[in-house]
Amino acid sequence: MHYVHVIQLFGTPNGLSSLITESKHIKAVKEPWRQSSQYKALSQMLVMNQCLSKLAAARVDFDSHGMLKDTCLSVELEALGMSDNVDVPNDEGPNVPPPNEANDHDNDNNTKSLYLSISES
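Conventions used here
- Residues numbered from 1 in each chain as written.
- Predicted model: local features only at pLDDT ≥ 70, side-chain atom pairs only at ≥ 80, totals over all residues.
- Heavy atoms only, no water.
- Helix = DSSP H or I, 4+ residues; strand = E, 2+ residues; numbered from the N terminus.
- Buried < 20%, exposed > 50% of the residue type's maximum accessible area, 1.4 Å probe, protein only.
- Contact = heavy atoms within 4.5 Å.
- Areas by Shrake-Rupley, 256 points an atom, 1.4 Å probe, with all protein chains shown as cover.
- Salt bridge = Lys/Arg side-chain N within 4 Å of Asp/Glu carboxyl O.

Chemist: Before we move on, can you summarise the overall build of the chain with the specific residues and values?
Modeler: Summing up its helical and strand segments, the chain has 5 helices and 0 strands in all. Listing every helix and strand of the chain by position from the N terminus yields α-α-α-α-α. Burial status across the chain gives 12% buried among its 121 residues. Of all intrachain contacts in the chain linking residues separated by at least 6 positions in sequence, the fraction that spans at least 24 positions is 29%. Of the roughly 10400 Å² of accessible surface on the chain, 58% is carried by carbon and sulfur atoms.

Rendered as structure tokens:
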């Protein structure tokens, strides 16, 4: 019983905190439980945690090989030599030009064909 009193006076030993273990418990137990069918959930939870671990390892591997550095669009624009002068199209739809092209009708044909090819796919 004197441990409670001493902890209240001086704090936890070595800065011990349950915050880290609690967050790990939420990720490893509570979230998989909610995503399971709650019927024989342990095996479902174990498979889910195994898959999440493999995804995390794959992400680290992909990042170490530079596979997550750029998007497919930025790589293609760089290959076409257009990475310096192209803005990303807006989300208003395929027929609406980006804001910088709204009043300018003398734009580069490569840029217009790129926007068309993106909107068609």
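So much for the structure itself; the text now carries on.
Chemist: Run through the pattern of salt bridges, naming residues and quoting values.
Modeler: Tallied over the full model, the rule gives 1 salt bridge. Among the salt bridges present, the one from lysine 27 reaches glutamate 31, with a minimum N-O distance of 3.8 Å. Here glutamate 31 and lysine 27 lie together in helix 2 (residues 19-35), a separation of 4 residues that amounts to about one turn. In this structure lysine 27 comes out as exposed when scored by relative accessible area, which is 54%.

Remember, this is a structural readout, not a statement about activity or role.
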